[in-house]
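Residue-level structure breakdown
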Amino acid sequence: MHLAVVACGNRLDETLTMLKSALLFSLKKIKFHIFAEDPLAPQFEERLNQWPQSISARFQYSIYPISFSVGDAEEWKKLFKPCAAQRLFLPVILKDVDSLLYVDTDVLFLRPMDDIWILLKSFNRTQLAAMAPEHEVPKIGWYSRFARHPFYGVTGVNSGVMLMNLTRIRRTLFKSSLIPGGLSWEDLLHPLYQKYKNHITWGDQDLLNIIFHYNPESLLIFPCQWNYRPDHCMYGSNCKGAEEEGVSILHGNRGVYHDDKQPAFKVVYDAIHDFAFEDNMFQLLFYPIQSKFLDTVNTLCGRIPQVFLKQIEKTMRKVFEKKVVHHVRPR
């Protein structure tokens, strides 16, 4: 499985915590593709090489410099958040990779990455990417109320968790408002940005929304529990999939891992950040999350603890059974 992330500025610890969460629960081996600013690259290498040997056997990694194949690199780099536009160029740079999962640095896996990776097999013959809706309720969604450009569907999509078939993306000609015919992914990016740069707010995510507005047949929509954000609980619980199954991937945008605005998100982040790989998961990861959640029940997102805890408890039980129970042989 291939997992890509882009890290700039002060995102070292946050990115390593995300990578740790992927390794804690996943079953298959993972190849990390880390795009990092020059000062961060040696720090990633140093920290990853310090992880226990038992964990190191379960992943490989490559670190790449920030680079943009078309247009003004400095302009791309400053689009929305530092370096975030790098994700648009993954199909161009990773020419030998067939498919990958891209995630933002502020994402945490609460179940095996294998379970979202298998969605690649759900793609029909025209689909080449998968994302979750930006919002579940159109009347309070950002795109449906404020966007000054085309966007996907009724509420737009959020690109913080994006499953991509890079081979299909490289082979496809994309429809747009630029020319009557289609353009390749690489040829589309810069003219699209030039046309809409004065009308977009969320940078590369807006460009992806514009692309899939004109190519809706190319996108698979996965449910909100695979990209669960504060917006799903701060205005009242509005992610039915998370209510039923629990959160699969937690996306702490709005900086909620690092302030006290949504302590339910911070509890999960802090627990995974502080957890040592070879410790007992139930005692030193799940129980601390569970107990600290009691302090958040009077907050907007903390009042629905089952949404945050259901999937991670189920995942840990599976990990426990795989590591312990299956190794116990009858006499």
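Scroll up for the structure.
Let me sum up the structure you'll find in this document.

Reading the values: the criteria
Residues numbered from 1 in each chain as written. Predicted model: local features only at pLDDT ≥ 70, side-chain atom pairs only at ≥ 80, totals over all residues. Heavy atoms only, no water. Pairing = 2+ DSSP bridges. Helix = DSSP H or I, 4+ residues; strand = E, 2+ residues; numbered from the N terminus. Axes fitted to C-alpha atoms, helices over the stretch in contact; angles between N-to-C directions. Contact = heavy atoms within 4.5 Å. Buried < 20%, exposed > 50% of the residue type's maximum accessible area, 1.4 Å probe, protein only. Salt bridge = Lys/Arg side-chain N within 4 Å of Asp/Glu carboxyl O.

1. Digging into the sheet that holds strand 1 (residues 2-7)
- Reading across the sheet, the 7 strands line up as 3-2-1-4-7-6-8 and stay open at both edges, with mixed pairing between neighbours. Edge positions in the open sheet fall to strand 3 (59-65) and strand 8 (219-221), since each of these has one partner strand only. Across the sheet, the axes of successive neighbouring strands diverge by a mean angle of 25°, strand direction being ignored.
- When strand 2 (residues 30-36) meets strand 3, the two strands line up parallel, connected through 7 bridges. Paired with F32 across the two strands is Y61, which belongs to strand 3.
- Packed on one face of the sheet, helix 10 (residues 204-214) meets strand 6 (129-133), strand 7 (157-165) and strand 8 and runs near 65° to strand 7.

2. Description of the pairing of strand 6
- Of all 5 residues making up strand 6, 5 are buried, and the element is well covered by its neighbours.
- Sheet topology places strand 6 next to strand 7; 4 bridges connect them, and they run antiparallel. By the bridge assignment, A132 is partnered in strand 7 with N158.
- Across 3 bridges, strand 6 lies against strand 8 in parallel orientation. Looking across to strand 8, one finds that A130 is bridged to L220.

3. A short note on the pattern of salt bridges
- Evaluation of the coordinates by the stated rule reveals 12 salt bridges.
- Residues D204 and R87 are paired through a salt bridge, measuring 2.4 Å at the closest nitrogen-oxygen approach. Residue D204 is located in helix 10, and its partner R87 is located in the loop between helix 4 (73-77) and helix 5 (90-93); the two are separated by 117 residues in the primary sequence. R87 carries the same exposure label as D204, and that label is buried.
- Residues participating in the shared-partner salt-bridge network are R87, D104 and D204.

4. Quick notes on the side chain of T167
- Positionally, T167 belongs in helix 8 (residues 166-171).
- Judged by its relative accessible area of 18%, T167 is buried.
- Contact partners of T167, with chain neighbours within four places excluded, come to V97 and D98.

5. Some thoughts on the pairing of strand 7
- Taking burial as the measure, the 9 residues of strand 7 include 9 buried ones, the bulk of the element.
- As judged from the 5 bridges shared by strand 4 (residues 99-103) and strand 7, these two strands associate in the antiparallel manner. Its bridge partner lying in strand 7, L101 is registered against L163.

Everything listed here is a matter of geometry and, on its own, says nothing about what the molecule does.
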